Amino acid sequence: SQKIEQNSEALNIQEGKTATLTCNYTNYSPAYLQWYRQDPGRGPVFLLLIRENEKEKRKERLKVTFDTTLKQSLFHITASQPADSATYLCALTGGGADGLTFGKGTHLIIQP
Amino acid sequence: DVKVTQSSRYLVKRTGEKVFLECVQDMDHENMFWYRQDPGLGLRLIYFSYDVKMKEKGDIPEGYSVSREKKERFSLILESASTNQTSMYLCASSLGTFSYNEQFFGPGTRLTVL
């Protein structure tokens with residue numbers, strides 16, 4: 001069955017440093033990968049989409065890579081700030097009308 | 001801005017009750033989704049719909065049904081609530097019929113079944 005793995009433990013990063021979150025998957029060949037941010041008690045909010053033929057995507061301080069050979073996506077936040085503290089979810093899809101499959105998320109804590 | 005609203009933020013029901021969770025989106029999106037989110041299990045897809053009166057099973061449809069009579073409204077129904085359905089329920093919508101489009105989520109309904 002499809003499996004998506006994200007760092008299960010909280011990731012503590014000092015303010016100003018780059019935070020790197022990992023999303024690994026098995027038994028799946030997604031055409032698209034998305035990253036979402038979720039704050040406590042709220043629904044997830046979309047951040048970035050990357051396609052299988054794209055190696056890297058950037059948006060402001062965010063950068064996502066997608067390596068279909070390694071079956072891995074890396075999500076980077078540069079110049080991290082305490083306001084970046086949240087849970088970050090990766091989600092995969094083949095692109096058809098089949099919905100997204102989410103990872104369990106990584107809880108990121110940016111310490112001042 | 002896209003807005004997805006859910007009928008209740010918190011709901012407490014008793015075992016065996018029929019429960020309706022309502023979701024409304026205001027951006028004319030074709031796709032609508034229901035997920036549940038549990039600690040350690042993450043977000044899991046229950047049902048989704050890509051058009052009025054259409055529905056597709058997600059990963060965990062057992063014990064649930066859905067209704068989509070109007071494009072903007074997608075209802076999740078627990079026919080006979082059980083304690084293992086205590087969870088956070090999240091509704092989402094997206095444009096078009098392809099799953100790669102970004103999903104817009106509602107604030108969630110925290111359901112407790114006693």
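Predicted model only: the values in this text are computed from it and were never measured. (Residues numbered from 1 in each chain as written. Chains lettered and ligands numbered in written order. Predicted model: local features only at pLDDT ≥ 70, side-chain atom pairs only at ≥ 80, totals over all residues. Heavy atoms only, no water.)

**Notes on the interface of chain A and chain B**
Taken together, the contact pairs 20 residues of chain A with 21 residues of chain B. Counting across the chain A and chain B interface gives 0 salt bridges. The interface formed by chain A and chain B includes 4 residue pairs in polar contact (both at pLDDT 80 or more). Counting residues per element, the side of chain A that touches chain B draws most heavily on strand S4 (residues 32–38) of chain A, at 4 residues. The class makeup of the residues in the side of chain A that touches chain B is 9 nonpolar, 8 polar and 3 charged. (Contact = heavy atoms within 4.5 Å. Salt bridge = Lys/Arg side-chain N within 4 Å of Asp/Glu carboxyl O. Polar contact = N/O pair within 3.5 Å; in protein donor to acceptor, adjacent residues only side chain to side chain. Helix = DSSP H or I, 4+ residues; strand = E, 2+ residues; numbered from the N terminus. Nonpolar A, V, L, I, M, F, W, Y, C, P; charged D, E, K, R; others polar.)

**Focus: the sheet that holds strand S1 (residues 3–6) of chain A**
All names here are of chain A. Overall, antiparallel pairing links the 5 strands, which are arranged S1-S3-S8-S7-S6 in an open sheet. Of all strands in the sheet, those bounded by a partner on one side alone are S1 and strand S6 (56–59). Strand after strand, the sheet turns through a mean of 15° between neighbouring axes, direction not considered. Where S6 and strand S7 (residues 62–67) come together, 4 bridges link them in antiparallel fashion. Its bridge partner being in S7, Glu56 is matched across the sheet by Thr65. (Pairing = 2+ DSSP bridges. Axes fitted to C-alpha atoms, helices over the stretch in contact; angles between N-to-C directions.)

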